[in-house]
Amino acid sequence: MRIALFGAPGVGKGSQATFLSQNQGLEHISTGVILRSALRSGSDVGIEAKKYMDDSQLVPGHIVRVLAEEAITRNHYDHFVLDGYPRTIEQAEWLSEFLSEHEAMLQCVVNLVVSNEIIVGRLSQRRVHIETGENFHLEYKPPPSGIDPELIIQRKDDLPESIFRRLEVYQKQTHPLVDYYKDKNLMVEVDGVGTFEDVHARILSTIYNFAASE
Ligand code: ADP
């Protein structure tokens with residue numbers, strides 16, 4: 001199965017992609033997680049990306065493209081869930097070209113829909129495990145007590161002033177992909193409000209119904 005999770009920052013793409021990878025055996029490919037790991041390792045890519053990420057802007061597409069294509073290649077072009085890629089029409093075109101060269105077109109793009117009000121609440125309470133990339137929520141999914149607290153951080157881009165900038169960037173640069181994928185009959189909408197389990201169940205039934213109707 002080859003799917004992409006789509007939606008504004010904070011809709012739960014990362015948590016749901018983690019669930020899908022654990023329950024459905026799909027590889028979770030998150031450009032955000034890959035970029036943050038490059039940033040921590042101090043690689044050239046990480047140093048370049050940091051400037052944009054700290055400013056809540058999109059990292060230049062050519063950088064993200066290479067990272068996403070490498071990860072898909074490592075996974076033999078199948079059994080993956082993309083999270084955070086593509087994020088612009090240009091990236092979607094690159095992805096489509098790349099996957100079609102390997103006869104492995106995307107089968108479904110799941111658009112997780114959550115209101116901005118809920119998103120702001122979620123992101124300001126979000127914490128992330130610095131090594132695994134796993135997301136927590138201070139109220140609904142607090143980090144387990146056994147974890148070293150120093151490994152649980154608040155992302156710089158989850159600070160209040162950054163959240164609004166990221167939502168603006170999403171609206172301007174990423175939201176146009178909704179029509180792009182609707183035109184290709186690849187997009188399905190899923191209500192992203194509810195417990196992790198409820199949303200997960202909705203995603204599963206949506207992708208299986210979608211696959212069955214193809
Ligand atoms: P979120 O979905 O919550 O914004 P991510 O972890 O997906 O978080 O992304 C964090 C940051 O990494 C983004 O704000 C952006 O700077 C960068 N990034 C991730 N994916 C892409 C992409 N496909 N294109 C450009 N920048 C990206």
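Our subject is the structure that appears above.
Below: a short report on this structure.

Reading guide: rules and limits
- Residues numbered from 1 in each chain as written.
- Predicted model: local features only at pLDDT ≥ 70, side-chain atom pairs only at ≥ 80, totals over all residues.
- Heavy atoms only, no water.
- Helix = DSSP H or I, 4+ residues; strand = E, 2+ residues; numbered from the N terminus.
- Expected span 1.5 Å × (residues − 1).
- Contact = heavy atoms within 4.5 Å.
- 1 Å grid on protein atoms, 1.4 Å probe; cavity = no way out; pocket = protein on both sides within 12 Å on 5 of 7 lines; lining within 4 Å.
- Points joined across faces, edges and corners; volume = space filled by probe spheres on them.
- Near = heavy atom within 4 Å.
- Polar contact = N/O pair within 3.5 Å; in protein donor to acceptor, adjacent residues only side chain to side chain.
- Nonpolar A, V, L, I, M, F, W, Y, C, P; charged D, E, K, R; others polar.
- Core = buried A, V, L, I, M, F, W, Y, C linked by side-chain atoms within 4.5 Å.
- Buried < 20%, exposed > 50% of the residue type's maximum accessible area, 1.4 Å probe, protein only.
- Pairing = 2+ DSSP bridges.
- Axes fitted to C-alpha atoms, helices over the stretch in contact; angles between N-to-C directions.

### Details of helix α4 (residues 61–74)
Here is step 1: The terminal C-alpha atoms of α4, which comprises 14 residues, lie 20 Å apart, in line with the 20 Å expected from a rise of 1.5 Å per residue.
Here is step 2: Among the structural elements, β2 (27–30), α2 (31–41), α3 (44–54), β3 (80–83) and α5 (89–101) are those in contact with the buried residues of α4.
Here is step 3: Immediately downstream of α4, the backbone of His76 shows phi near 55 degrees, a positive value.

### With respect to the layout of surface pockets
Here is step 1: Its boundaries defined by the atoms lining it, the second largest pocket holds a volume of some 330 Å³.
Here is step 2: Arg36, Leu39, Ile153, Arg155 and Lys156 are, among the 18 residues lining the second largest pocket, the residues nearest its centre.
Here is step 3: Secondary-structure elements contributing two or more residues to the lining of the second largest pocket are α2, α3 and β5 (126–129).
Here is step 4: With four residues, α2 is the single largest residue contributor to the lining of the second largest pocket.

### Here's the deal with the site of the ligand
Here is step 1: Around the ligand, the structure places 20 residues, and the nearest of them are Thr31, Gln57, Gly84, Arg87 and Arg166.
Here is step 2: Residue Gln91 places a side-chain N or O atom 2.9 Å away from a nitrogen atom belonging to the ligand.
Here is step 3: Between the ligand and Arg155 there is a distance of 3.0 Å, counted from an oxygen atom to a side-chain nitrogen or oxygen.
Here is step 4: It is α2 that provides the largest number of residues to the shell around the ligand, a total of four residues.
Here is step 5: Residues that form the shell around the ligand fall into these classes: seven nonpolar, six polar and seven charged.

### Side note on the nonpolar core
Across soluble globular proteins, nonpolar side chains have a tendency to be buried as a group.
Here is step 1: In terms of nonpolar packing, the biggest core is built from 53 residues, with Leu20, Leu106 and Tyr181 touching the most fellow members.
Here is step 2: When sequence neighbours within four positions are dropped, the list of residues in contact with Leu106 reads Arg2, Ile3, Ala4, Phe80, Leu82, Leu95, Leu99, Tyr181 and Leu186.

### Quick notes on the sheet that holds strand β7 (residues 152–153)
Here is step 1: Taken together, three strands build an open sheet; the order of strands is β6-β5-β7 and the sheet is antiparallel. Whereas interior strands pair on both sides, the edge strands pair on one side only; in this sheet they are β6 (135–137) and β7.
Here is step 2: Summarising the sheet, β5 and β6 pair through three bridges and their orientation is antiparallel. By the bridge assignment, Arg126 is partnered in β6 with His137.

### Structural notes on the environment of Gly32
Here is step 1: Tracing the sequence through the fold places Gly32 in helix α2.
Here is step 2: By relative accessible area, which is 17% here, Gly32 ends up buried.
Here is step 3: Separated by 51 residues in the primary sequence, Gly32 and Asp83 have C-alpha atoms spaced 8.0 Å apart.

### Examining the sheet that holds β2
Here is step 1: One open sheet holds the five strands; their spatial order is β2-β3-β1-β4-β8, and the pairing between them is parallel. Either end of the sheet is taken by a strand with one partner, and the two such strands are β2 and β8 (187–191). Ignoring which end each strand starts from, the neighbouring axes of this sheet average 25 degrees apart.
Here is step 2: Of the strand pairs in this sheet, strand β1 (residues 2–6) and strand β4 (residues 108–113) are connected by four bridges, and their pairing is parallel. Paired with Ile3 across the two strands is Cys108, which belongs to β4.
Here is step 3: Here helix α1 (residues 13–24) sits on the sheet in contact with β1, β2, β3 and β4, set at roughly 155 degrees to β1.

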